[in-house]
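Okay, here's what each chain looks like letter by letter:
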Amino acid sequence: DTAVSQTPKYLVTQMGNDKSIKCEQNLGHDTMYWYKQDSKKFLKIMFSYNNKELIINETVPNRFSPKSPDKAHLNLHINSLELGDSAVYFCASSQEGLAVSYNEQFFGPGTRLTVL
Amino acid sequence: AQRVTQPEKLLSVFKGAPVELKCNYSYSGSPELFWYVQYSRQRLQLLLRHISRESIKGFTADLNKGETSFHLKKPFAQEEDSAMYYCALSGRDTGRRALTFGSGTRLQVQP
């Protein structure tokens, strides 16, 4: 019944490694997002996809590459991990369109990434 | 550019006391404002949105365009209200649906 799910929940890895975080939503939404929450709990948008098309890319290093194989999935691949990448990454989804006046986003549980 | 400011990192009150979590925004167009809440070990969830003018769990928030504010209020705080609260803005008229969050305010309600 989980609306937005992420795997893994925790990820501990060494600097320089490549890792992926997966996100799936079963709400039938057409827009998905990745947010980063740093150690001070500040949340910031990284990417946004609408119908598998990238619509927002917020000055994120090229080492981060989102991939959307279909509307229900938005994965985040990170190359050459750095210490500063340690954070909690949240996936979210929403339904867009003229008929939708709200923009309620549904969030996943988060993935806590620790880079050693 | 859009910006959301939550001036208080921590707000500590006693049970039964009134609560006001401040939020100010900067946006040139017509914004959508939201309050999201994150309880301990839980995911972020929507608490309130300005467009619906509703009261959820006793919380209300009114959009004041003159003061560019969207403060969250509750007349009598409960211990279960302890959580991290985020004010967020969406640029509805620009089609930019991604949320711009404030830095968050941790509400601690003491018994």
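Attention in this report is confined to the structure presented alongside it. If you're wondering where the values come from, they're calculated on a predicted model, not measured in any experiment. (Residues numbered from 1 in each chain as written. Chains lettered and ligands numbered in written order. Predicted model: local features only at pLDDT ≥ 70, side-chain atom pairs only at ≥ 80, totals over all residues. Heavy atoms only, no water.)

Re the overall build of chain B
In terms of regular secondary structure, chain B is built from zero helices and eleven strands. Walking chain B from its N terminus toward its C terminus, one meets helices and strands in the order β-β-β-β-β-β-β-β-β-β-β. Computed over the C-alpha atoms, the radius of gyration of chain B is 14 Å, within 12% of the 13 Å expected from 2.2 N^0.38 for a compact globule of 111 residues. Principal axes of the C-alpha set define a box for chain B whose edges measure 45 × 30 × 25 Å. In chain B, which comprises 111 residues, the share counted as buried stands at 48%. Taking the contacts inside chain B whose residues are at least 6 apart along the sequence as the reference set, 60% of them involve residues at least 24 apart. (Helix = DSSP H or I, 4+ residues; strand = E, 2+ residues; numbered from the N terminus. Rg over C-alpha atoms; globule rule 2.2 N^0.38 Å. Buried < 20%, exposed > 50% of the residue type's maximum accessible area, 1.4 Å probe, protein only. Contact = heavy atoms within 4.5 Å.)

Comments concerning the sheet that holds strand 3 (residues 19-21) of chain B
All names here are of chain B. The three strands lie next to each other as 3-8-7, forming an open sheet whose pairing is antiparallel. The two strands at the open ends of the sheet, each matched to only one other strand, are strand 3 and strand 7 (60-61). As paired elements, strand 3 and strand 8 (residues 72-74) share three bridges and run antiparallel to each other. Bridging from a neighbouring strand, L21 pairs with L72 of strand 8. (Pairing = 2+ DSSP bridges.)

Considering the packing of aromatic side chains
Geometry of an aromatic ring pair is reported as the spacing of the ring centres plus the angle between the planes. Inspection of the entire model under this criterion finds ten aromatic pairs over all chains. Ring centres of F64 of chain A and Y89 of chain A lie 6.3 Å apart, and the angle between their planes is 35°; on these two criteria the pair is classed as tilted. Of the two residues, F64 of chain A is situated in strand 7 (residues 64-70) and Y89 of chain A in strand 9 (residues 87-94); the sequence distance between them amounts to 25 residues. With centroids separated by 6.2 Å and ring planes inclined at 65°, the aromatic side chains of F107 of chain A and F101 of chain B adopt a geometry described as edge-to-face. With F107 of chain A in strand 10 (residues 106-107) and F101 of chain B in strand 10 (residues 96-101), the pair connects residues from two separate chains. Across this residue pair, the class does not change: F107 of chain A and F101 of chain B are buried. (Phe/Tyr/Trp six-rings, centres within 6.5 Å; stacked < 30°, edge-to-face > 60°.)

What to know about the side chain of S94 of chain A
Residues and elements named next belong to chain A. By the secondary structure assignment, S94 is in strand 9. Judged by relative accessible area, S94 falls into the buried class, the value being 0%. Residue contacts for S94: discarding those within four places in its chain leaves H29, D30, T31, Y33, N103, E104 and Q105.

A few points about the state of the cysteines
Residue and element names in this part refer to chain A. Evaluated as defined, the whole model comprises two disulfides over all chains. Through a disulfide, C23 is tied to C91; the S-S separation comes to 1.9 Å. The sign of the -75° torsion about the S-S bond sets the C23-C91 disulfide as left-handed. Of this pair, C23 sits in strand 3 (residues 19-25) while C91 sits in strand 9, and the two are 68 residues apart along the sequence. (Disulfide = S-S within 2.5 Å.)

Quick notes on the nonpolar core
Formed by 25 residues in total, the largest nonpolar core has its most connected members in W35, L47, L72 and Y85 of chain B. No other element matches strand 9 (residues 83-91) of chain B, which puts four residues into this core. The contact partners of Y85 of chain B, leaving out residues within four places of it in the chain, are Q6, L21, W35, Y36, V37, L47, F59, L72, G104, T105 and L107 of chain B. Membership of the second largest hydrophobic core comes to 20 residues, among which are L11, I21, Y49 and F64 of chain A. (Core = buried A, V, L, I, M, F, W, Y, C linked by side-chain atoms within 4.5 Å.)

So far we have only geometry, and geometry alone does not tell us how the molecule works.
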